[in-house]
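Here is how the chains run, residue by residue.
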Amino acid sequence: MPMEMLTEGPIRTRVEGAVLEVTLDRPKANAIDLITSRIMGQVFRAFRDDDALRVAILRAEGDKFFCPGWDLKAAAGGDAVDGDYGVGGFGGLQELPNLNKPVIAAVNGICCGGGLELALSCDLILASANATFALPEIRSGTVADAASIKLPKRIPYHVAMDLLLTGRWFDADEALRWGLLKEVCASEDLLPKAWELARLLASGPPLVYAAIKEVVREAEAMRFQDALNRVTKRLMPTVDRLYSSEDQLEGARAFAEKREPVWKGR
């Protein structure tokens, strides 16, 4: 069943072709409370389960804030920090199981705390030149839990520890230099660039993307040979499906016939 579009509320969605655009819109700062997180989980679960959709873009309304993370005002009003974030964990992405489709973050403005962790839950991050980043949890006496797990695996250990231990701010150019970002662009170019990338990915082989995401995810906690054995013996569901698919044959035929492949996702 196609996912239902949202046109109002803290989360808006729109679909063009096989691309889903998800917009976080909670004035003034796009902070995430429990209700918003649960809605985001429902949106990304529906995206995961809709075969017509192949790529998602996550963006936020406005130029000043992408997302500062957890809504402290909501917490002061009774939202528990260890409450029910919904099916995907914080922000709908962090713990959503079996999300085997590419997700692109388009970051404009302030991206800190849980907002940076949300961006890190995406596969590719594009940012505007005015984007700024931080993990300031240290200053409020708490731990950036997801970032403490993810960041040292994405960038050099000593850099990750600097950012985690000091909570300092860093700009888009530094984020690009350490490999957190795919690209930095002007604010007015951010969304068009994200859509250009999304359309490119949407034209690619969805079963291959699914296999790539599962292999990368599962291999993270495995020894190299164990992970490779699971791939070559088709013990991962996405790999097994790919190797038995029409798309696998189509790729070989298109190469032999010197034409562009037509991917069907089956």
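Criteria and thresholds
- Counting restarts for each chain, with residues numbered from 1 along the sequence as it is written.
- Selection of residues for local features in this predicted model requires a pLDDT of at least 70, selection of side-chain atom pairs for listing and counting requires 80 or more, and totals for whole chains, interfaces and linings are taken over all residues.
- Side-chain numbers come from the whole structure's heavy atoms, not from hydrogens or water.
- Secondary structure elements follow DSSP: runs of H or I of four or more residues count as helices, runs of E of two or more count as strands, with numbering from the N terminus.
- For every residue, the accessible area obtained with a 1.4 Å probe (protein chains only) is divided by the maximum for its type, and the residue is called buried under 20%, exposed over 50%, and partly exposed between those limits.
- Only heavy atoms enter the contact rule, under which two residues are in contact if any of them lie within 4.5 Å.
- Buried residues of nine kinds, namely Ala, Val, Leu, Ile, Met, Phe, Trp, Tyr and Cys, make up a nonpolar core once their side-chain atoms join them within 4.5 Å.
- A pair of strands is treated as paired once DSSP finds two or more bridges between them.

Chemist: Sorry, what's going on with the environment of P156 here?
Modeler: Considering the arrangement of structural elements, one finds P156 in the loop between α4 (145-154) and α5 (157-166). Its relative accessible area of 32% is what places P156 among the partly exposed residues. As a C-alpha pair, P156 and G179 span 23 residues in sequence and 9.4 Å in three-dimensional space.

Chemist: Help me understand the side chain of T238, please; the structure alone is not making it clear to me.
Modeler: By the secondary structure assignment, T238 is in helix α10 (residues 237-243). Judged by relative accessible area, T238 falls into the buried class, the value being 14%. Sequence-distant contacts of T238, that is, excluding residues within four places in its chain, are made with N100, A210, A211 and E214.

Chemist: How do you make sense of the nonpolar core when you look at a structure like this?
Modeler: Side chains of nonpolar character tend, in soluble globular proteins, to be buried together. One finds F44, F47, L58, V107, F133 and L151 to be the most contacted residues of the largest nonpolar core, which totals 50 residues. Core analysis: the second largest hydrophobic core is formed by 16 residues, I57, L126, A198 and Y209 among them.

Chemist: Explain the sheet that holds strand β4 (residues 65-67) here, please?
Modeler: One key point about sheets: their strands pair by backbone hydrogen bonds, in either a parallel or an antiparallel sense. Strand order in the open sheet formed by 4 strands is β4-β6-β8-β9, with mixed pairing between adjacent strands. Both outer strands of the open sheet, β4 and β9 (170-171), are each paired with one neighbouring strand and no more. Sheet topology places strand β6 (residues 110-112) next to strand β8 (residues 132-134); 3 bridges connect them, and they run parallel. Bridged to C112 within β8 is A134.

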